[in-house]
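Descriptive structure summary
One letter stands for each residue in the lines below.
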Amino acid sequence: MAEMDTSGGGHHKKGPGVKKGKKLSTRVDLTPMVDLGFLLITFFIFTTTMSQPTAMRLALPDDKVKPEDQNKIKQSGALTLLLGKDNHVFYYEGELLPDASNFKSTNFKDIRDVIINKKQQADTNLVVVIKPNDESNYKNFIDILDEMSINVVKRYAVVDISPVEEDLIKRTEGGQ
Amino acid sequence: MGRPKIARKSTSIDMTAMCDVAFLLLSFFILTTKFKPSEAVPINTPTSVANKIAPENNILMISLNKDGKAFLSFGDSKNDRDKKMDMIKYINDNHSLGLTDNEVAALIKAPFIGVPIAQLKQQAGLQMQGKELTGENSPGIPCQDTANNQMIEWIRAAVDAYKGEKMNLILKGDNVAKYPVFKNILTAFKKNDQFKFQMVTNPVSVPSGTELYKLNLSGKPEE
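Keep in mind that this is a model prediction, so the values were computed, not measured. Note on numbering: residues in each chain are counted from 1, in written sequence order. The lettering of chains begins at A and the numbering of ligands begins at 1, in the order of writing. Totals for whole chains, interfaces and linings use all residues, but because this is a predicted model, local features are given only for residues with pLDDT of at least 70 and pairs of side-chain atoms are given and counted only at 80 or more.

With respect to the overall build of chain A
Definition in use: Strands here mean DSSP runs of E at least two residues long; helices mean DSSP runs of H or I at least four residues long; both are numbered from the N terminus. Partly exposed residues are those whose C-beta has more than 12 but fewer than 20 other C-beta atoms within 10 Å; with 20 or more the residue is buried, with 12 or fewer it is exposed, and the C-beta atoms are placed from the backbone. Residues are scored as being in contact if the C-beta atoms we place from backbone atoms lie within 7 Å.
Along chain A, the regular secondary structure elements total four helices and six strands. Secondary structure elements in chain A, listed N-terminal to C-terminal, are α-β-β-β-β-α-β-α-β-α. Here chain A holds 176 residues, and the buried ones make up 23% of them. The long-range fraction of contacts in chain A, counting pairs at least 24 apart against all pairs at least 6 apart in sequence, stands at 66%.

Rendered as structure tokens:
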């Protein structure tokens, strides 16, 4: 099968009367070597890690900035997302009404539509306020930041949750 | 008219070329492969569409495992090791731990730092005895509550060690790590005026039809 041709031309017949010297073949059977080669290739293909971990950048605001210097957000463009336990997401647009009638529950699949809708409606005024509560996990937080970059939301803020909202989440989760 | 001679073809194929290709590929994979360093703290990172590769040098990595324990680890380059030494010495001086040079060296060799500052001497001792520390048997750096957030100390030490140089703060959190611990680490960053950091994620492709997808298609550079 796999051999190197080293005989150099087809002089097989040396004519009558010429004594044939015993010729050792210089051909090497390469099959085992090829086998081994491919075995190693498969090994390295499977062990190699092509996808390197990527990094998501996040810049934090400076807490020391005086409250009067901080930007106030326009209520018309505000969308507040609250992250609860078990991957629950709650949201309200604008200001939270006293009777909490605009407090809605959703999940990570549908939150994209909510953001897209709000974005179309609010256009340049859009500010997303993200409030993770103590029961949400790190994945939820990354997922929601990811939604921000997927939907190209330029302005968003991570804010501590207020007791009123915490209470609303507790009540909604309890009712489900 | 004689029958045309049918040349008898040999069934053996010359494998030399194939062999060449095989070994070329083999050498490529051997050279490009990079074995995953065995992680003392296993962490499942969340996925994101971020496409920037995480840096590997001049890093200070804070790992947050599934139990909410925080660990510090460093890069592998020589510069990273020097900085690690500076940091440990800084902590040693500020908290008068009285670590010997041997103990400092043992801590530098350790894959991560995962004990409260007061127990650093013990960890160094265990390290010198050749005991392998893992995420399971280490208590982690305390940052669960705001009152005793030792991460602030460590970041301060890092800021001191990396004075005038660019430091890459990296946060590697597990999917199920709870948010409050993460928040306390953010507080530690903020207290030391470190406002930029990166979070390690696994890359996923951008969902089609979304705005970022269209933006990428139009070829506009991101930010």
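Some thoughts on the environment of D76 of chain B
All names here are of chain B. Considering the arrangement of structural elements, one finds D76 in the loop between β4 (70-74) and α2 (78-94). A tally of 12 C-beta atoms within 10 Å means that D76 is categorised as exposed. Taking the C-alpha atoms as reference, D76 lies 8.9 Å from N58; in sequence the two are 18 residues apart.

Here we look at unusual backbone geometry
Residues other than glycine predominantly adopt negative phi, and peptide bonds predominantly adopt the trans conformation. The phi dihedral of V152 of chain A falls on the positive side, at around 50°, and the residue is not glycine. Considering the arrangement of structural elements, one finds V152 of chain A in the loop between α3 (138-150) and β6 (156-158).

A short note on the packing of α2 of chain B against helix α5 (residues 151-161) of chain B
All names here are of chain B. Filter applied, for reference: Think of each axis as a best-fit line through the C-alpha atoms, taken over the contacting stretch in the case of a helix, with angles from 0 to 180 degrees between the N-to-C directions. An angle below 35 degrees is treated as roughly parallel, one above 145 as roughly antiparallel, one from 65 to 115 as roughly perpendicular, and anything else as oblique. Take the far helix as the reference: if the near one is turned anticlockwise from it by less than a right angle, the crossing is left-handed, and if turned clockwise, right-handed. Each residue gets one label: Ala, Val, Leu, Ile, Met, Phe, Trp, Tyr, Cys and Pro are nonpolar, Asp, Glu, Lys and Arg are charged, and the others, such as Gly, are polar.
Taken N-terminus to C-terminus, the directions of α2 and α5 make an angle of 125°; their axes are 9 Å apart at the nearest point. The pairing of α2 with α5 is recorded here as oblique in orientation. Pair α2 / α5 crosses with right-handed handedness. Contacts between α2 and α5 involve K83, D86, M87, Y90 and I91 on the former and, on the latter, E153, A157, A158, D160 and A161. For the contact of α2 with α5, a count of residues per class yields six nonpolar, no polar and four charged.

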